[in-house]
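# Observations on the three-dimensional arrangement
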Amino acid sequence: QVQLVESGGGLVQPGGSLRLSCAASGSIFSINVMGWYRQAPGKQRELVATITSADRTNYADFVKGRFTISRDNAKNTVYLQMNNLNPEDTAVYYCNAVIRSSGSIDFNVYWGQGTQVTVSS
């Protein structure tokens, strides 16, 4: 069984920074793409950033230049460094990973439970 556990959310003032972490655990054979999504109240979940196993990154336009995604393959962990946060970044942030479990030939998509990020003065 595979599990994704996020941490690092919280309350921050506009212009501040936060770093989110997401660790994958369980019977993991390999991890392909890892990413972060977010969902604000009353809105659909949207892509924030993704990173492949070869460290190729992709960002939503609204976070380019402010957020940085990275991963530590040895720790099965993905990070999201968020700088210059503004109130519009307030949302629940979800970790996502495409994982091949041990003993399986298929890749499946897994989600974390979400972590709240609130940007407010």
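What you see is a predicted model, and the numbers here were worked out from it, not measured in a lab. (Residues numbered from 1 in each chain as written. Predicted model: local features only at pLDDT ≥ 70, side-chain atom pairs only at ≥ 80, totals over all residues. Heavy atoms only, no water.)

## Regarding the pattern of salt bridges
On inspection of all chains with the given rule, the structure shows four salt bridges. R38 is the partner of D89 in a salt bridge, and the nearest nitrogen-oxygen pair spans 2.9 Å. Within this pair, whereas D89 is found in the loop between strand 8 (77-82) and strand 9 (91-101), its partner R38 is found in strand 4 (residues 28-39), the two being separated by 51 residues in sequence. Accessibility classification places D89 together with R38 in one group, the buried group. Within the structure, one salt-bridge network assembled from shared partners comprises R38, E46, R66 and D89. (Salt bridge = Lys/Arg side-chain N within 4 Å of Asp/Glu carboxyl O. Helix = DSSP H or I, 4+ residues; strand = E, 2+ residues; numbered from the N terminus. Buried < 20%, exposed > 50% of the residue type's maximum accessible area, 1.4 Å probe, protein only.)

## So, the nonpolar core
The biggest cluster of nonpolar side chains holds 31 residues, and the ones touching the most others in it are W36, L80, M82 and Y93. The set of elements that each furnish at least two residues to this core consists of strand 1 (2-7), strand 3 (18-26), strand 4, strand 5 (46-51), strand 7 (67-72), strand 8, strand 9 and strand 11 (115-119). If one sorts the elements of this core by residue count, strand 9 sits on top with five residues. What M82 contacts, discounting residues up to four positions off in sequence, is G16, S17, L18, L20, R66, F67, Y93 and V117. (Core = buried A, V, L, I, M, F, W, Y, C linked by side-chain atoms within 4.5 Å. Contact = heavy atoms within 4.5 Å.)

## Some points on the state of the cysteines
All chains considered together, the criterion is met by one disulfide. With its sulfur 2.0 Å from that of its partner, C22 forms a disulfide with C95. On the sign convention where negative is left-handed, the bridge of C22 and C95, at about -80 degrees about the S-S bond, is left-handed. Within this pair, whereas C22 is found in strand 3, its partner C95 is found in strand 9, the two being separated by 73 residues in sequence. Exposure class is identical for C22 and C95. Each is buried. (Disulfide = S-S within 2.5 Å.)

## Concerning unusual backbone geometry
The phi dihedral of D55 falls on the positive side, at around 70 degrees, and the residue is not glycine. Position of D55 among the secondary structure elements: in the loop between strand 5 and strand 6 (57-59). The backbone phi angle of N84 is positive, close to 50 degrees, even though this residue is not glycine. Mapped onto the fold, N84 is located in the loop between strand 8 and strand 9. The class of N84 is partly exposed, set by a relative accessible area of 49%.

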